[in-house]
Amino acid sequence: MLSSNDLNKFYDISDFKNILKEKLPQKKFLKILNKSDYNKQLITLQSELVLLQNWIKENNKRVCVIFEGRDAAGKGGAIKRFVEHLNPRNSRVVALSKPSELELGQWYFQRYLSNIPNPGEIVFFDRSWYNRAIVEPVMGFCSNDEYLLFMNQVNDFEKMLIDDGIIIIKLWFSISKEVQKSRFVSRLTNPLKTWKFSNVDLEGQKRWDLYSKYKTKMFDKTNTDIAPWKIIDSNNKLSARIESIKYVLSIWDFKNKNSTLKDNKLSLSRQDFIQIDKKQLNILNKSKSLINLLSRKNTSISKTIRYIKYERELKKLQVEMIRLQNWIFNENKKVIIICEGRDAAGKGGAIRRAIQHLNPRKFRVVALPKPNELERSQWYFQRYIHHFPKDGEIVFFDRSWYNRAVVEPVNGFCTQTEYNTFMNHINSFEKMIIDNNIILLKFYYSISKDVQLKRFNEIKNSPLKKWKYTIVDSNAQKLWSKYSIYKDLMFKKTNHDFAKWNIIKADKKIYARVKTLELILKNIPYDKKTKIHSKEINF
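The structure displayed is predicted, hence computed values, not measured ones.

Asker: Please give an account of the packing of helix α2 (residues 13–23) against helix α3 (residues 26–58) that cites residues and values.
Answerer: Close contact between α2 and α3 brings their axes to 9 Å; oriented N to C, the two are set at 150 degrees. Comparing the axis directions of α2 and α3 gives the class roughly antiparallel. On α3, the residues that touch Lys17, Leu20 and Lys21 of α2 are Phe29, Leu33, Asp37 and Lys40.

This is how it looks when you write it as structure tokens:
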């Protein structure tokens, strides 16, 4: 165990590594070292992804990244690292549930085409039309004629998309049978991951050779010059995430590429000696704490202790969020969660923690860009209604129709008449939503003027967050009082018993994130006896 003196030397990375090497078992030391190196490398690559996204937007490119592979290959984890710091208004994750009866009667590619990227957008497919190449024939979900038709059409289908200017990147995450089984066992012992295990997963082990046969056929047929497969060795999840991001970045030579490499070097200043009690010492000797001290910028012993305590509290709430999601799905409930607040209030960060371990096929995050010409000519609420939940689904709105209550009138984006019309209609609109058995939760993240300014400065200097700072943000401080006036009018008009506002103090991000989950769980009357996973699995 590291002593208080040892831990107080963390600011000197070289000396601290030597202390860890001397005092920790070799296996634990190497695991901590590899994870901290991975964290630092990941941040650099994610900064490059932000630059790539800006380039895609500026050049109106349409990019489609397909993630395929056996169950438990790490596709979802890789996608999370791709999108973690991207602008959600120009990127989407598409994880389709099983086709509806209507979709089963359509052209097979049709439901995927409706999710193809728009100009300036990157879309990540968590499984794609290649379901029909392997999973469906292996599991008997399609006929042999349907399989053969797909295999005859898929190359022509992709060629049509590519000829139209869509960039298709196909990634296959490859794992061994032994690693897949070990990950299945791990899922079943982790309440945050048990929802991932299904009967299809179990059959994946039993039908391993049949999967391999269809996988080989798929590669032979669809590994074309214009749409090649990139095979990612994902027996090691961390290296698979790094390799897949590097590959996507390698495809383009965009402006300022590699400009973030020098910005993300870890540098810590010497700090005063901190007394550490026995309880804190136990926390700081955990692998997660040591990784945090080795890899995070601007960290400290006290920050690390707070972070680990926060993570523990958050994980308990996230397990309950899975239980809630299962109840919503089982009972065919529809849920809308609105997240509003001033710029830099932490709405996006709170949403990310709420959805972090949820099943992506049973929720959506909606972060709409500014309306296009057609949308501006429609009924104001129309583009939001398009994204309402279906049975068994939660939809999070990262900003919502309440743009018209505060942001638009403050910044002159709507007329006084449009504002008045919205304020006259909003309560009736929300009552109709609730009367149609949709659960509506409204959160407002409240921050002080000083904290907003501090966060703006941090955002402007962060390679990961620069995209967040807009013209609207640059005016937010001088328009503070005007925002306050419209915010108070919004609360006065729209805070009703049937649709109350939950105001979350957001000067401290950690508090706001935890409070968000607590309020979701408190305000939705779900059955707390709902099971996280309903079956015992025997391999």
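There's plenty left to go through after this.
Asker: I'd like to hear about the sheet that holds strand β3 (residues 121–126), residue by residue, with values.
Answerer: Pairing within the open sheet is parallel, and its 5 strands lie in the order β2-β3-β1-β4-β5. Taken across any chain shown, the strands that pair with only one partner, and hence form the sheet edges, are β2 (91–94) and β5 (229–233). In this sheet, neighbouring strand axes are inclined to one another by 20 degrees on average, regardless of whether the strands run parallel or antiparallel. Across 6 bridges, strand β1 (residues 62–69) lies against β3 in parallel orientation.

Asker: For the side chain of threonine 222, give the residues involved together with the corresponding values.
Answerer: Mapped onto the elements, threonine 222 comes out in helix α11 (residues 208–222). If we ignore the near neighbours within four places in the chain, the residues touching threonine 222 are Tyr130, Val154, Asn155, Lys170, Ala227 and Trp229.

Asker: Lay out empty space enclosed by the protein in plain terms, naming residues and giving numbers.
Answerer: Taken as a whole and judged by the stated rule, the model has 4 cavities of 30 Å³ or more. Computed from the structure, the largest cavity encloses a volume of approximately 90 Å³. Glu340, Gly341, Arg342, Asp343, Arg399, Tyr402, Asn403, Val406, Val407, Tyr444, Tyr483 and Met490 together form the lining of the largest cavity. Of all elements in the fold, only β6 (334–341) and α23 (480–494) reach the threshold of two or more residues within the lining of the largest cavity. As a volume, the second largest cavity reaches approximately 60 Å³.

Asker: Which residues make up the sheet that holds strand β7 (residues 363–366), and what values go with them?
Answerer: The strands that make up a sheet pair up through hydrogen bonds in the backbone, lying either parallel or antiparallel. Ordered in space as β7-β8-β6-β9-β10, the 5 strands form an open sheet in which the pairing is parallel. Among the strands making up the open sheet, the edge pair consists of β7 and β10 (501–505). The average undirected angle you get between the axes of adjacent strands in this sheet is 20 degrees. Where β6 lies against strand β8 (residues 393–398), 6 bridges are found, and the strand directions are parallel. In the strand pairing of β8, lysine 334 is matched with glutamate 393. Along the sheet, helix α20 (residues 416–435) contacts β6 and β9 (438–446); its crossing angle with β9, the most-contacted strand, is approximately 135 degrees. Sheet contacts for helix α24 (residues 509–523): β6, β8, β9 and β10; angle to β10, the most-contacted strand, approximately 155 degrees.

Asker: A description of the layout of surface pockets should follow, citing residues and the corresponding values.
Answerer: In this model, the second largest pocket occupies a volume close to 190 Å³. Leu440, Leu441, Phe498, Ala499 and Lys500 are, among the 13 residues lining the second largest pocket, the residues nearest its centre.

Asker: Any chance you could break down a positive patch on the surface for me, citing the residues and the numbers?
Answerer: Together, Lys279, Lys286, Lys309, Arg312 and Lys316 line one region of the surface with positive charge. Per element, the largest residue contribution to the positive patch is 3 residues, and it comes from helix α15 (residues 301–330). Inspection of the secondary structure puts lysine 309 in helix α15. A relative accessible area of 44% places lysine 309 in the partly exposed class.

Reading the values: rules and limits
Residues numbered from 1 in each chain as written. Predicted model: local features only at pLDDT ≥ 70, side-chain atom pairs only at ≥ 80, totals over all residues. Heavy atoms only, no water. Axes fitted to C-alpha atoms, helices over the stretch in contact; angles between N-to-C directions. Helix = DSSP H or I, 4+ residues; strand = E, 2+ residues; numbered from the N terminus. Parallel < 35°, antiparallel > 145°, perpendicular 65-115°, else oblique. Contact = heavy atoms within 4.5 Å. Pairing = 2+ DSSP bridges. 1 Å grid on protein atoms, 1.4 Å probe; cavity = no way out; pocket = protein on both sides within 12 Å on 5 of 7 lines; lining within 4 Å. Points joined across faces, edges and corners; volume = space filled by probe spheres on them. Patch = residues over 30% accessible without salt bridge, like charges linked within 9 Å, V, L, I, M, F, W, Y side chains within 5 Å. Areas by Shrake-Rupley, 256 points an atom, 1.4 Å probe, with all protein chains shown as cover. Salt bridge = Lys/Arg side-chain N within 4 Å of Asp/Glu carboxyl O. Lys, Arg positive; Asp, Glu negative; His and termini not counted. Charge placed at Lys NZ, Arg CZ, Asp CG, Glu CD. Buried < 20%, exposed > 50% of the residue type's maximum accessible area, 1.4 Å probe, protein only.

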